[in-house]
Amino acid sequence: MKNALLKAVLSLLFLGTLWYGLSLVDFRQAFEVESTNDTTEKLLGELIEKSMTQGALDLPEIVSPVDSIVHRICRFNSLDRSYIKVHIIDSEAVNAFALPDGHIIINSGLLANTNQTQASGVIAHEIAHITQGHVMKKLVTEIGLSVIISLVTGDTNPQLLKEIIKAISGSAYSRNLETEADLLAVDYLIAAGISPLEFADFLYTIDGNQIESNQLLEWLQSHPDSKERAKAIVAYSNEKESEKLSHTPVVSKEDWEILQSKLP
Amino acid sequence: MIQNTSFAYTPSEEESEKASNSYVMSLIAIMVGLPLPILNLLATFIFFLANRKASYFVRWHCMQALLSQLSLLVINSVLFWWTVAIVFQNETADNRYFAYLIVALTFNLIEFIVTIYTAIQTRKGKHITWWFYSDLTNTICKER
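Reading the values: rules and limits
Residues numbered from 1 in each chain as written. Chains lettered and ligands numbered in written order. Predicted model: local features only at pLDDT ≥ 70, side-chain atom pairs only at ≥ 80, totals over all residues. Heavy atoms only, no water. Helix = DSSP H or I, 4+ residues; strand = E, 2+ residues; numbered from the N terminus. Buried < 20%, exposed > 50% of the residue type's maximum accessible area, 1.4 Å probe, protein only. Contact = heavy atoms within 4.5 Å. Areas by Shrake-Rupley, 256 points an atom, 1.4 Å probe, with all protein chains shown as cover. Pairing = 2+ DSSP bridges. Axes fitted to C-alpha atoms, helices over the stretch in contact; angles between N-to-C directions. Parallel < 35°, antiparallel > 145°, perpendicular 65-115°, else oblique. Left-handed = near helix turned anticlockwise from the far one by under 90°. Core = buried A, V, L, I, M, F, W, Y, C linked by side-chain atoms within 4.5 Å. Salt bridge = Lys/Arg side-chain N within 4 Å of Asp/Glu carboxyl O. Buried area = accessible area lost by both parts, 1.4 Å probe. Polar contact = N/O pair within 3.5 Å; in protein donor to acceptor, adjacent residues only side chain to side chain. Nonpolar A, V, L, I, M, F, W, Y, C, P; charged D, E, K, R; others polar.

Asker: I would appreciate a short explanation of the overall build of chain A in the present structure.
Answerer: Counting its secondary structure elements, chain A contains 14 helices and 3 strands. For chain A, with 264 residues in total, the buried portion stands at 47%. Taking as baseline every contact in chain A between residues at least 6 positions apart, the subset at least 24 positions apart corresponds to 75%. Of the roughly 13300 Å² of accessible surface on chain A, 55% is carried by carbon and sulfur atoms.

Here you go:
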């Protein structure tokens, strides 16, 4: 028994030393992990963006206020503004979602049914998904890594692309990732001088007192548990004492009304 | 690491075959066992149970095979759940992960080669002892 114990200890020491020694090697650089991840995400982002943003709305009255919101959030949170690429598409559905490589799709239906502060909350939430790398995590979980790699390396199967778009726009992130994005969005909004409470109001009332249920379907599929999320946002905002901080609108009320009037 | 030593007695043809099969059991399950570490162990354990009343030579080698699979289970389970955490949760594949991956794969490879060799030699009636595992087996498995 003594022999066995001694050999067990020696074995563990040997394996432990081997593991430690090998962990000093920079495998991430050797396998080019970062650049491969970045390339895959960039290619995937380009593929999906091309597919989804044909005919994106480009009127300055629509694009400029949204751009101002994104710019304020990025500026006050030291985020790379050039990485976040916002596209507004003509869709009645009240929804917005993040794509790989920093793209955000905002449906005109969302802008039509929110004020600028509420829309800022949604945008901050999607930016949080991007900065925390949630989009690729979700895709790898739902679609699978090998499938994604086959898509970006040339297997441009339209059905596969549709599945990916459906996964991005129509299904929910895990509860952990949604909570992380919600709380980070609150931080982003507070730093940008935007009240996070209206974002919580929007989530709380999203079960459709004033919005048609067919417009909400996509939102509800991709953002379940809206009421619980709203409560968590309010609780976190109160912790941060957001009410005591000053909030200034990003664009004027008139500009937002003009935006809404210009939506198809 | 592995030694060809003499056993308490010379095993018969049937005993040699059964003892060799205990190592073969872990190899059969290996293709499924790599992503699901428990299956190798289960296959070896079931074989051990089926032969718990067999001769000393058979029981001894069943035990050695089982103990080696137990250690593999621990190593492979850590790797499996670490990989799941990277793919499905917030963990990143850092240098420690890649280092562990290499150690685990090397351990599996060595175990695979040694198991095949031991299966072949045991089938010939030779008594192959593995470093550390044989000492543990000697402690646990006694001649009746």
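From this point, the narrative continues.
Asker: Even after reading the chapter, I still don't get the sheet that holds strand 2 (residues 96-99) of chain A, so can you show me in this structure?
Answerer: What links the strands of a sheet is backbone hydrogen bonding, and the strands pair in either a parallel or an antiparallel sense. All names here are of chain A. If you walk across this open sheet you meet the 3 strands as 1-3-2, and the pairing is mixed. The sheet is open, and its two edges are formed by strand 1 (85-89) and strand 2, each paired on a single side. For this sheet, the mean inter-axis angle between neighbouring strands, taken without regard to orientation, is 20°. With 5 bridges joining them, strand 1 and strand 3 (residues 103-107) adopt parallel strand pairing.

Asker: Any chance you could explain the packing of helix 11 (residues 197-204) of chain A against helix 13 (residues 226-239) of chain A here in plain terms?
Answerer: Helix packing geometry: the angle between the two helix axes and the distance between the axes. All names here are of chain A. For the pair helix 11 and helix 13, the least separation of the axes is 8 Å and the interaxial angle reads 165°. Of the possible angle classes, the one that applies to helix 11 and helix 13 is roughly antiparallel. Crossing angle aside, the handedness with which helix 11 passes helix 13 is left-handed. Contact residues: Leu-197, Phe-199, Ala-200, Leu-203 and Tyr-204 in helix 11; Ser-226, Lys-227, Arg-229, Ala-230, Ile-233, Val-234 and Ser-237 in helix 13.

Asker: Teacher, can you tell me more about the nonpolar core here?
Answerer: Side chains of a nonpolar character, in soluble globular proteins, are inclined to be buried together. In this structure, A:Ile73, A:Ile106, A:Leu111, A:Ile123 and A:Ile127 are the most contacted members of the largest nonpolar core, which totals 47 residues. Residues within four places of A:Ile73 in sequence aside, it is in contact with A:Ser120, A:Ile123, A:Ala124, A:Ile127, A:Tyr188, A:Leu189, A:Ala192 and A:Ile194. In terms of nonpolar packing, the next biggest core, distinct from the first, is built from 40 residues, B:Ile86, B:Ala93, B:Trp130 and B:Leu136 among them.

Asker: Got a minute to help me understand the pattern of salt bridges in this structure?
Answerer: Side chains bearing opposite charge may pair, as long as their charged atoms lie close to each other. Summed over all chains, the structure comprises 8 salt bridges over all chains. For A:Arg229, the salt bridge identified is with A:Glu178, shortest N-O distance 3.6 Å. Of this pair, A:Arg229 sits in helix 13 while A:Glu178 sits in helix 10 (residues 175-191), and the two are 51 residues apart along the sequence. For A:Arg229, a relative accessible area of 8% puts it in the buried group. For A:Glu178, a relative accessible area of 4% gives the class buried. A salt bridge links B:Arg123 to B:Glu13; its shortest N-O distance comes to 3.1 Å.

Asker: Would you explain the side chain of A:Lys7 in this entry?
Answerer: Within the element layout of this structure, A:Lys7 appears in helix 1 (residues 2-23). Judged by its relative accessible area of 18%, A:Lys7 falls in the buried class. Excluding residues that lie within four positions of it along the chain, A:Lys7 makes contacts with B:Trp131, B:Phe132 and B:Asp135.

Asker: Would you take a moment to explain the interface of chain A and chain B for this structure?
Answerer: When the parts of a complex come together, some accessible area is lost, and that lost area is often used as the size of the interface. Across the boundary between the two partners, chain A contributes 23 residues, which contact 21 residues of chain B. Between chain A and chain B the total buried area reaches about 1900 Å² when both faces are included, carbon and sulfur atoms providing 72% of it. It is A:Lys7, A:Trp19 and A:Arg28 in chain A that bury the most area against chain B; as a group they hold 28% of the surface buried on that side. Our count for the contact surface shared by chain A and chain B stands at 1 salt bridge. At the boundary of chain A with chain B, the tally comes to 3 residue pairs in polar contact (both at pLDDT 80 or more). Looking at the side of chain A that touches chain B, the elements with two or more residues in it are helix 1, helix 2 (27-30), helix 7 (134-142) and helix 10 of chain A. Ranked by residue count, the leading element in the side of chain A that touches chain B is helix 1 of chain A, at 11 residues. When grouped by side-chain class, the residues that make up the side of chain A that touches chain B number 14 nonpolar, 4 polar and 5 charged.

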